[in-house]
Amino acid sequence: MNLAIVTPLPPQQTGIADYAIGLVNGLRGEDFNIDLFTNIETGSIAELSNFKIFNLNSIDTDCLEDYDLVIFHMGNNVDFHLYMLELLKKYGGIVHLHDLVLHHLVARLTYGEDNPLAYYEKIAEWY
């Protein structure tokens, strides 16, 4: 099975980046071909030397259609995860949710875009 994993990676300062290293190394040797996709220049990551790493800012994201499954490591930090929402809408996949509440992402997409009414509608809907 061909897997694409969209995730933060080192040197990003997030536990999800560290978690991703453990996950993909744990899946090594299983019947998976795994490629990693991130939004930063990563250089060489010794712990991931057996995997292809693609910078989403430098490639045509339509390549995600070629995978059997796309997995998104989604958290609450806007800097690390906001870009994933458009990819998730376009390509679908599985979301590995690392935070139980995504308030900061929703706040950024509504209140942060000068749409407080949308923010309050979402809060009312969910609570």
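Residues numbered from 1 in each chain as written. Predicted model: local features only at pLDDT ≥ 70, side-chain atom pairs only at ≥ 80, totals over all residues. Heavy atoms only, no water.

Novice: Would you explain the packing of aromatic side chains in this entry?
Specialist: Aromatic rings in a pair are described by how distant their centres are and how their planes are angled relative to each other. Using the criterion set out here, one finds 5 aromatic pairs in the structure. With centroids separated by 5.7 Å and ring planes inclined at 90°, the aromatic side chains of phenylalanine 37 and tyrosine 67 adopt a geometry described as edge-to-face. With phenylalanine 37 in strand 2 (residues 33-38) and tyrosine 67 in the loop between strand 3 (52-55) and strand 4 (69-74), the pair connects residues that are 30 residues apart, well separated along the chain. A residue is classified by how much of its surface remains accessible, and tyrosine 67, at 16% relative accessible area, is buried. Cluster of aromatic residues (ring-pair linked, three or more members): Phe37, Phe54 and Tyr67. (Phe/Tyr/Trp six-rings, centres within 6.5 Å; stacked < 30°, edge-to-face > 60°. Helix = DSSP H or I, 4+ residues; strand = E, 2+ residues; numbered from the N terminus. Buried < 20%, exposed > 50% of the residue type's maximum accessible area, 1.4 Å probe, protein only.)

Novice: Help me understand helix 1 (residues 15-27) in this model?
Specialist: The α-helix winds at 3.6 residues per turn, so residues separated by three or four positions along the chain end up facing the same way. In this model helix 1 runs 18 Å from its N-terminal to its C-terminal C-alpha over 13 residues, within 8% of the 18 Å that 1.5 Å per residue would give. Regarding helix 1, the residues found buried are Ile16, Ala17, Ala20, Ile21 and Val24. Along the axis of helix 1, the buried positions cluster into a sector of 150°, meaning they face one direction only. Facing away from the buried side of helix 1, by more than 90 degrees, are the exposed residues Gly15, Asp18 and Gly26. Those residues of helix 1 that are buried lie in contact with strand 1 (2-6), strand 2, strand 4 and helix 2 (78-81). Positive phi appears at glycine 29, one or two residues downstream of helix 1, with a value of about 90°. (Expected span 1.5 Å × (residues − 1). Arc of directions from axis to C-beta. Contact = heavy atoms within 4.5 Å.)

Novice: Looking at this model, I keep getting lost on the pairing of strand 2. Mind explaining?
Specialist: Residues in a regular strand project their side chains so that they alternate between the two faces of the sheet. Of all 6 residues in strand 2, 5 are buried; the element is thus mostly enclosed. Summarising the sheet, strand 1 and strand 2 pair through 5 bridges and their orientation is parallel. Its bridge partner being in strand 2, isoleucine 5 is matched across the sheet by leucine 36. Taken together, strand 1, helix 1 and strand 2 form a β-α-β motif whose crossover is right-handed. (Pairing = 2+ DSSP bridges. Right-handed = clockwise from strand over helix to strand, strands pointing away.)

Novice: Just to check I follow, could you spell out the environment of threonine 110 for this structure?
Specialist: Topologically, threonine 110 is positioned in the loop between helix 4 (103-109) and helix 5 (116-126). C-alpha separation for the pair threonine 110 and arginine 28, spaced 82 residues apart in sequence, amounts to 39 Å. Not counting the four nearest positions on each side in its chain, threonine 110 is found in contact with Asn115, Pro116, Ala118 and Tyr119.

Novice: I would appreciate a short explanation of the sheet that holds strand 4 in the present structure.
Specialist: In a beta sheet, neighbouring strands are held together by backbone hydrogen bonds and run either parallel or antiparallel to one another. Across the sheet, which stays open at both edges, the 5 strands sit in the order 3-2-1-4-5 with parallel pairing between neighbours. Both outer strands of the open sheet, strand 3 and strand 5 (94-97), are each paired with one neighbouring strand and no more. Adjacent strand axes in the sheet meet at a mean angle of 25° when their direction is disregarded. The pairing of strand 1 with strand 4 spans 4 bridges and is classified as parallel. Bridge pairing in strand 4 links valine 6 to phenylalanine 72. Strands strand 1, strand 2, strand 4 and strand 5 of the sheet are contacted by helix 1, whose axis makes an angle of about 150° with strand 4. Sitting on the sheet, helix 3 (residues 84-91) touches strand 1, strand 4 and strand 5, and the angle it makes with strand 4 is about 155°. (Axes fitted to C-alpha atoms, helices over the stretch in contact; angles between N-to-C directions.)

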